[in-house]
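In case you want the letters, here they are:
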Amino acid sequence: MFSKILIANRGEIAVRIIKTCRRMGIRTVQVYSEADAGSLAVEMADETVLIGPAPAAQSYLLQDRIVEAVRQTGAEAVHPGFGFLSENATFARRLERENVSFIGPNPHAIEAMGDKITSKKFAAEAGVSTVPGHMGLIDTPAHAVEIANQIGYPVMIKASAGGGGKGIRVAHSDADMAEGFAAVKAEALNAFGDDRVFLEKFIIDPRHIEIQVLGDKHGNIVHLFERECSIQRRNQKVIEEAPSPLLDPETRAAMGAQAVALARAVNYDSAGTVEFVAGQDKSFFFLEMNTRLQVEHPVTELITGVDLVEQMIRSAWGEKLAFGQEDLAINGWAIESRIYAEDPYRGFLPSIGRLVRYEQPEEGPHPDGYTIRNDSGVREGDEISMFYDPMIAKLCAWGPTRDAALTGMARALEDTHLAGVGHNVPFLAAVMDQPRFQSGNISTSYIKDEFPDGFHGLLPDRRQTDILIAAAAAMNEIAAEQSGDPSDRTDWIVLIAAQGQGTSGPGEAHGVSLGYDDDEALSLELAGEDRALHLSDIDWRPGQAQFRATLDGQPFTAEVARVADGFVIRHRAARARVRVLTPAIAALYARLPEKVAADTSKLIQSPMPGLVVAIPVTVGKEVKTGETVAIIEAMKMQNILKAERDGVVKAVGARAGDPVAADDVLVEFE
């Protein structure tokens, strides 16, 4: 077995690989950019090598730097993780010439299946059903429009070397195609160094289902069943699960057989994923093959008990698979939530900065029957950089049933607390609580369907309202006692201004009468409702960001923050400003006017921190509605900002190449 492996990647996947190498007794070398000098992966590895500045094109994508690090450290093999050089056949061949093992498939398989255009031709020759499209290269927007009209809208524009949701747009018209084609080519060149683009028919109301395959160098290939990856935003997966709620045993077997046949056609010899687009009627079409480890591989590991990173290493060493297809079975259900540094309340725009707080759920088996796993590459105090994907962690929950896994995931999200950057935990919690997701009736348009106007949080249901009342009342009492100013008052008014209802007005009023039981549990009688709440096992003191307790026998965790006249409390996707007041003070709050938001209708502001790619307008220019006025790049994605009304440009606040912060004014209209 290898004695030393170099990891040509960063973040959580580097940490993930190091953990398996440690268990196998293999030393690790971690390469890193200047931005990752203090990262968790660098701290955990046995050896480290600096390979360049922060931009990936000057570090993680430079083959010369990686190969030099291999020579310098004497590593016998390279694990590329996912992204960067993981699907680069030239890199794999170069390592072969250096007598260094590439922990991934052979270069022929990478070329045949890693390139999306070539892979579709292989699939067609192998008898695998494919989505209608144009597999040839397309050079100009006019050519793209011509082909799109032949295929019929809607049409998906995809980068041939793409991955991770980048380099993908859906066009519904000639105008969409012309603009989207140029944007995809630019994104592809920037992210992958390859601007080739192809087109394919966009299937209406589809599901994204993929099959995990695994092969060795002796011709043995198996599949490890499927993953449902339909919960996507901007073509990037957000929530995955295994198995799929859609498939029956017959369809699962058919998809698995096709995936294995395709892998066998190119002598596949590592972990890989065959992706399908599936109709709600269980029809399916080959989409692409990812010749690498997938981000969502943990859910497959949780339902099969197979460590895919270990199997990749063993395959690269030349070992035979220790199991056959008949030895594999699905055990339970697993769900993965990708926790991103992005602000769901601002259109999921990337968020960068320092992670000043990061409290993670406890990993391992839980008394309620589920198991939690959290693959993370950052720690409290780490910087979330604009140069890389904004992923913070992959939070996974396993249970014997889908309902058990859902329960585990929802509770794990409650126990996750982040501060310093925007994050999508409230949104992930909202999905877990939605009846449609719970039913398994999903598609790739789920997020667009369920949140057509963006995500603004959910209004609290009855239990969440009870949590807000009880937590606020308890914190009010605890804070008063610790400040040395306790009150003998037992009757209070709790005002809840839920998100979407404003935070300066009074909100809903709930009268409560407090009392303590012998075990220091708090009882709250609700005025006019003929019922009482029982709050026990209270775990909170002033300054803590999470309030833990048991309400009427059910444990919960809420994210809390003290503000001038109360608290801001979030339970899952419900967030509210909560005030605990005397009846007289509560009456005065009803007279407070709502704050009026500032008028920004004449401003084009940067929606996120990033770099200005272009501002194609000048002072005095007349701009029409829908015209592009700025292009901002962040997290390797280009974001096109358009005018929302006709107007004349009064001022331009930035130029190409300038770094900008969120809300910086780019263009002002008269």
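Going by the structure above, here's the rest.
No experiment lies behind these values; they were computed from the predicted model shown.

Thresholds applied
- Residues numbered from 1 in each chain as written.
- Predicted model: local features only at pLDDT ≥ 70, side-chain atom pairs only at ≥ 80, totals over all residues.
- Heavy atoms only, no water.
- Helix = DSSP H or I, 4+ residues; strand = E, 2+ residues; numbered from the N terminus.
- Rg over C-alpha atoms; globule rule 2.2 N^0.38 Å.
- Buried < 20%, exposed > 50% of the residue type's maximum accessible area, 1.4 Å probe, protein only.
- Contact = heavy atoms within 4.5 Å.
- Areas by Shrake-Rupley, 256 points an atom, 1.4 Å probe, with all protein chains shown as cover.
- Lys, Arg positive; Asp, Glu negative; His and termini not counted.
- Charge placed at Lys NZ, Arg CZ, Asp CG, Glu CD.
- Salt bridge = Lys/Arg side-chain N within 4 Å of Asp/Glu carboxyl O.

**Considerations on the overall build of the protein chain**
For step 1, the next point in the chain: Counting secondary structure elements, the protein chain contains 17 helices and 40 strands.
For step 2, the next point in the chain: Computed over the C-alpha atoms, the radius of gyration of the protein chain is 27 Å, within 12% of the 26 Å expected from 2.2 N^0.38 for a compact globule of 670 residues.
For step 3, the next point in the chain: Expressed as lengths along the three principal axes of its C-alpha atoms, the size of the protein chain is roughly 80 × 65 × 55 Å.
For step 4, the next point in the chain: Counting over 670 residues, the protein chain shows a buried share of 57%.
For step 5, the next point in the chain: Within the protein chain, contacts between residues separated by at least 24 positions form 64% of all contacts whose residues are at least 6 apart in sequence.
For step 6, the next point in the chain: With an accessible surface of roughly 26,800 Å², the protein chain has 49% of that area assigned to carbon and sulfur atoms.
For step 7, the next point in the chain: Charged side chains of the protein chain number 66 positive and 95 negative; the gap between the two group centres comes to 4 Å.

**Section: unusual backbone geometry**
Across the chain, the bulk of peptide bonds are trans and the bulk of non-glycine residues have phi less than zero.
For step 1, the next point in the chain: Here the residue pair Tyr153 and Pro154 is connected by a cis peptide bond, since its omega of 0 degrees sits within 30 degrees of zero.
For step 2, the next point in the chain: Within the element layout of this structure, Pro154 appears in the loop between helix H7 (141-151) and strand S7 (155-163).
For step 3, the next point in the chain: A cis amide bond, omega 0 degrees, links Ala242 with the succeeding residue Pro243.
For step 4, the next point in the chain: Among the secondary structure elements, Pro243 is positioned in the loop between strand S12 (236-242) and helix H9 (249-265).
For step 5, the next point in the chain: For Arg234, which is not glycine, the phi dihedral falls at a positive 55 degrees.

**Details of the pattern of salt bridges**
For step 1, the next point in the chain: Applying the stated criterion to the full structure yields 52 salt bridges.
For step 2, the next point in the chain: Among the salt bridges present, the one from Asp663 reaches Arg346, with a minimum N-O distance of 3.0 Å. Of this pair, Asp663 sits in the loop between strand S39 (659-660) and strand S40 (665-669) while Arg346 sits in the loop between strand S16 (342-343) and strand S17 (349-350), and the two are 317 residues apart along the sequence.
For step 3, the next point in the chain: When its relative accessible area of 39% is taken as the criterion, Asp663 is described as partly exposed.

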